[in-house]
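Below, each chain spelled out in residue letters.
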2 protein chains.
Amino acid sequence: MSGKTRRIVLKSLPKGLPTPDNFEIVEADIPVLRDGEFLVRNAYIGLAPSSRIRMSELGSGKSYAEPTPIGGVIYGQTLGTVVETRHPGYAVGDTVVLTAGGWQEVTISDGSLTTRVDLSVAPPTHWLGALGVSGLSAYVGLIDVGHIQPTDCVAVSAASGAVGAMVGQIAKAMGCRVVGIAGGAEKCAYIKDELGFDEAVDYRAADFESALANACAGEIDLFFDNVGGAVRTAMLGQMNTFGRIVVCGMIAEYNSLSSATGPSWLPILSKRLTVRGFLMRDHMHMYDAFMRDVSNWMHAGAIKPREDIVDGLESTPEAFIGMLRGKNFGKTIVRL
Amino acid sequence: MSGKTRRIVLKSLPKGLPTPDNFEIVEADIPVLRDGEFLVRNAYIGLAPSSRIRMSELGSGKSYAEPTPIGGVIYGQTLGTVVETRHPGYAVGDTVVLTAGGWQEVTISDGSLTTRVDLSVAPPTHWLGALGVSGLSAYVGLIDVGHIQPTDCVAVSAASGAVGAMVGQIAKAMGCRVVGIAGGAEKCAYIKDELGFDEAVDYRAADFESALANACAGEIDLFFDNVGGAVRTAMLGQMNTFGRIVVCGMIAEYNSLSSATGPSWLPILSKRLTVRGFLMRDHMHMYDAFMRDVSNWMHAGAIKPREDIVDGLESTPEAFIGMLRGKNFGKTIVRL
């Protein structure tokens, strides 16, 4: 296949919250396939806060995310259709999710970091959210990292976000009491009324600390932290003895990593807490169990996927910035 | 038994590092025994940094250390002899260690938090150090909390202190490579030359960061943290992927708990670290294994107990303050 294609590249390193001029849409030739490769026309891009970490020199290193170079395509997950193939395992018409598809209209893949999806199980956007990296992060974080028990009282920050909404719904499906922390009355109503969380606490409210104490009563066994920052510090005061904290993300700090400090470790010592960071990719042995359980919960109505969908490649930077500012409900997805 | 006895009580709450006038020696009547109690004449007091936490309103709460009230006897471990008994399980002449014996010449016990000791196994001072709370904290922290493996590269802070010296020697006895962090050339020479640590890094040296990087090479699998503060922050940069941090103490921060912050959690996320706080008392099921293993290592010469002994009850506050300032080698003990 020949012709032109569009992609979004990093124009400059963001200082603090990214702005639209950190990004640039460029046109490029569609590359020629080599043996063992196939070409995917992306239909959807799934946005995730972790792309922000790659737009800096911090957070990089052998063990974590490769930084995106200036001029490089922005990292992101895509769903699309194989339109040309020189790979024996993939045929034209296959629907795939590319973990590193990038913010672009077409992607060349050699089959690595590629998942074949079955659209009879769920519509395409679910494969980037509830059944994609967001759901998988929630599932492995709760089960493989946090060792969730049905008797746990669970708290989650960014509770209306793509991962947080899944965390709370999975924990509810497993029988736990769930406290969600979110920003603003609308999000709090959503997680409590629509998703069935037991408590919702608005971290932007003036009475946040006392509302959190009322909701948690110092008895949180498992805190799933997507946010870091001041919410995490407040949560340390609400942990139960021997509680576990699962560190999935630090969205409150991604824009100021170089200056970030953290809370005192005194509660870790005095309450004998366990704090564990994780990356989904280390837990891929859970994938089949994840697909089985989350599909079942979705079909039973215990998990209600929600996506914030915007249209057009050119909308991607603004949607991404909005997500970092907490404007989204559920998974933010760009439809191409 | 009647008569007078002396004890050291808290006169005022320390602000920062305690000073001698925070303490007061008072004289009291020897209390009358009730049924089920026995009276111990203390021969030794073992000093520990955790007593400092109790001299504040921070660090208290249902799950941790009860604060020492003004006028209350300072918390501490003692070794002594039963001199009077109305308890069927303890006879006059028994030697016991009292976990909460306190800074006093005699203590009434009902047998709780009491360990009978056999002086044919080890001399009395060892029962407050290598075979006491310090050794037990090191042992359970490494094994039950840190899940030490013979292939681990282990680092320990306050490495010449009572707990730290035991941590390094136990880890060496188990086959690990061990890096110790201590303050000053004399302590570094002690842990490397006398105790056999592989590397010693002086945190007071101007080249601390680069010396630490040379000794650790970013490959520390298990960090046993007695100190907190700046040493902990530096160690986060030296952890291996999937490394474990055992939080035993925070001596660098006990004097300024209310203002303390901690390091950024980014390395916890990016390196997928596990951080666990612990208190020895939650791991008493390890006691028999601890006694067996540490006795064997001592008799084989793999563990060399060391105590800093001072004489006289009146010397206790100064010895305690010196220990908090890092003046001690090994376990600080007051001989009465």
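Attention in this report is confined to the structure presented alongside it. (Residues numbered from 1 in each chain as written. Chains lettered and ligands numbered in written order. Predicted model: local features only at pLDDT ≥ 70, side-chain atom pairs only at ≥ 80, totals over all residues. Heavy atoms only, no water.)

## As for the nonpolar core
Core analysis: the biggest nonpolar cluster contains 57 residues, and A:Met235 and B:Met235 have the highest contact counts within it. For B:Met235, the contacting residues outside a window of four places in its chain are B:Ala155, B:Ile181, B:Leu212, B:Cys216, B:Ile220 and B:Phe223. Among the nonpolar cores identified, the runner-up in size contains 51 residues, and A:Val117, A:Tyr139, A:Cys176 and A:Ala182 belong to it. (Core = buried A, V, L, I, M, F, W, Y, C linked by side-chain atoms within 4.5 Å. Buried < 20%, exposed > 50% of the residue type's maximum accessible area, 1.4 Å probe, protein only. Contact = heavy atoms within 4.5 Å.)

## Some details on the packing of helix α2 (residues 133-145) of chain B against helix α3 (residues 162-173) of chain B
Each pair of packed helices can be summarised by the angle the axes make with each other and by the distance between the axes. Residues and elements named next belong to chain B. Taken N-terminus to C-terminus, the directions of α2 and α3 make an angle of 50°; their axes are 8 Å apart at the nearest point. If you check the angle between α2 and α3, you find them oblique. The two elements α2 and α3 meet at a crossing, and its hand is right-handed. Between α2 and α3, the contacting residues are Ser134, Gly135, Ser137, Ala138, Tyr139 and Leu142 on the first element and Ala162, Val163, Met166, Val167, Ile170 and Ala171 on the second. (Axes fitted to C-alpha atoms, helices over the stretch in contact; angles between N-to-C directions. Helix = DSSP H or I, 4+ residues; strand = E, 2+ residues; numbered from the N terminus. Parallel < 35°, antiparallel > 145°, perpendicular 65-115°, else oblique. Left-handed = near helix turned anticlockwise from the far one by under 90°.)

## Things to note about the environment of B:Met55
Residue and element names in this part refer to chain B. The residue Met55 is located in the loop between α1 (50-54) and β4 (77-85) in this model. Sequence separation between Met55 and Arg86 is 31 residues, and the spatial gap between their C-alpha atoms is 33 Å. If sequence neighbours within four positions are ignored, Met55 has contacts with Leu10, Leu13, Pro14, Phe23, Ile74 and Phe320.

## What about the sheet that holds strand β8 (residues 153-157) of chain B?
Taken in spatial order, the 12 strands make up an open sheet running β10(A)-β9(A)-β8(A)-β11(A)-β12(A)-β14(A)-β14(B)-β12(B)-β11(B)-β8(B)-β9(B)-β10(B), and their pairing is mixed. Edge positions in the sheet fall to β10 (199-202) of chain A together with β10 (199-202) of chain B, since each of these pairs with one other strand and no more. Pairwise comparison of adjacent strand axes, ignoring direction, gives a mean angle of 15° for this sheet. Pairing of strand β14 (residues 274-277) of chain A with strand β14 (residues 274-277) of chain B, which is carried by 3 bridges, proceeds in the antiparallel orientation. Pairing of A:Val275 across the sheet is with B:Val275, part of β14(B). In the packing of helix α6 (residues 229-236) of chain A onto the sheet, contacts are made with β8 (153-157), β9 (177-182), β11 (220-225) and β12 (239-247) of chain A, and the angle to β11(A) comes to roughly 170°. In the packing of α2(B) onto the sheet, the strands contacted are β8, β11 (220-225), β12 (239-247) and β14 of chain B, and the crossing angle to β11(B) comes to about 145°. (Pairing = 2+ DSSP bridges.)

## Some thoughts on the interface of chain B and chain A
Tallying the contact residues gives 36 residues for chain B and 36 residues for chain A. Interface area, chain B with chain A, both sides summed: about 3100 Å², of which 64% is carbon and sulfur. Considering only the side of chain B, the residues that lose the most area to chain A are B:Trp265, B:Leu269 and B:Arg272, jointly responsible for 27% of the buried surface there. Notably, a salt bridge pairs B:Arg272 with A:Asp282, separated by 2.7 Å at the nearest N-O pair. Here chain B and chain A share 10 residue pairs in polar contact (both at pLDDT 80 or more) between them. Looking at the side of chain B that touches chain A, the elements with two or more residues in it are β12, β13 (261-263), α7 (266-270) and β14 of chain B. In terms of residue class, the side of chain B that touches chain A is made up of 18 nonpolar, 10 polar and 8 charged. Pairing geometry for strand β13 (residues 261-263) of chain A and β13(B), over 3 bridges, is antiparallel. The residue of β13(B) that forms the bridge with A:Thr261 is B:Pro263. (Buried area = accessible area lost by both parts, 1.4 Å probe. Salt bridge = Lys/Arg side-chain N within 4 Å of Asp/Glu carboxyl O. Polar contact = N/O pair within 3.5 Å; in protein donor to acceptor, adjacent residues only side chain to side chain. Nonpolar A, V, L, I, M, F, W, Y, C, P; charged D, E, K, R; others polar.)

## A word on the pattern of salt bridges
A complete count under the given rule lists 24 salt bridges over all chains for this structure. B:Asp35 serves as the salt-bridge partner of B:Arg86, at 2.7 Å between the closest nitrogen and oxygen. Highlighted residues: B:Arg86 in the loop between β4 and β5 (95-98) and B:Asp35 in the loop between β2 (23-29) and β3 (38-46), separated in sequence by 51 residues. Judged by its relative accessible area of 64%, B:Asp35 is exposed. Each of A:Arg6, A:Glu105 and A:Glu314 takes part in one network of salt bridges that share partners.

## Some thoughts on the relation of the copies chain B and chain A
Here chain B sits on chain A after a turn of 180° about the axis and a move of 0.0 Å along it, with an RMSD of 0.0 Å. The superposition of one copy onto the other is thereby described by a two-fold rotation axis. Taken as a fraction of all interface residues of chain B, those also at the interface in chain A reach 97%, which identifies the copy contact as same-surface. (Least-squares fit on C-alpha atoms with pLDDT ≥ 70 in both.)

## Side note on the side chain of A:Asn226
Residues and elements named next belong to chain A. Relative to the helices and strands, Asn226 is located in the loop between β11 and α6. For Asn226, a relative accessible area of 9% translates into the label buried. A polar contact of 2.8 Å, which involves the side chain of Asn226, links it to the backbone oxygen of Ser157.

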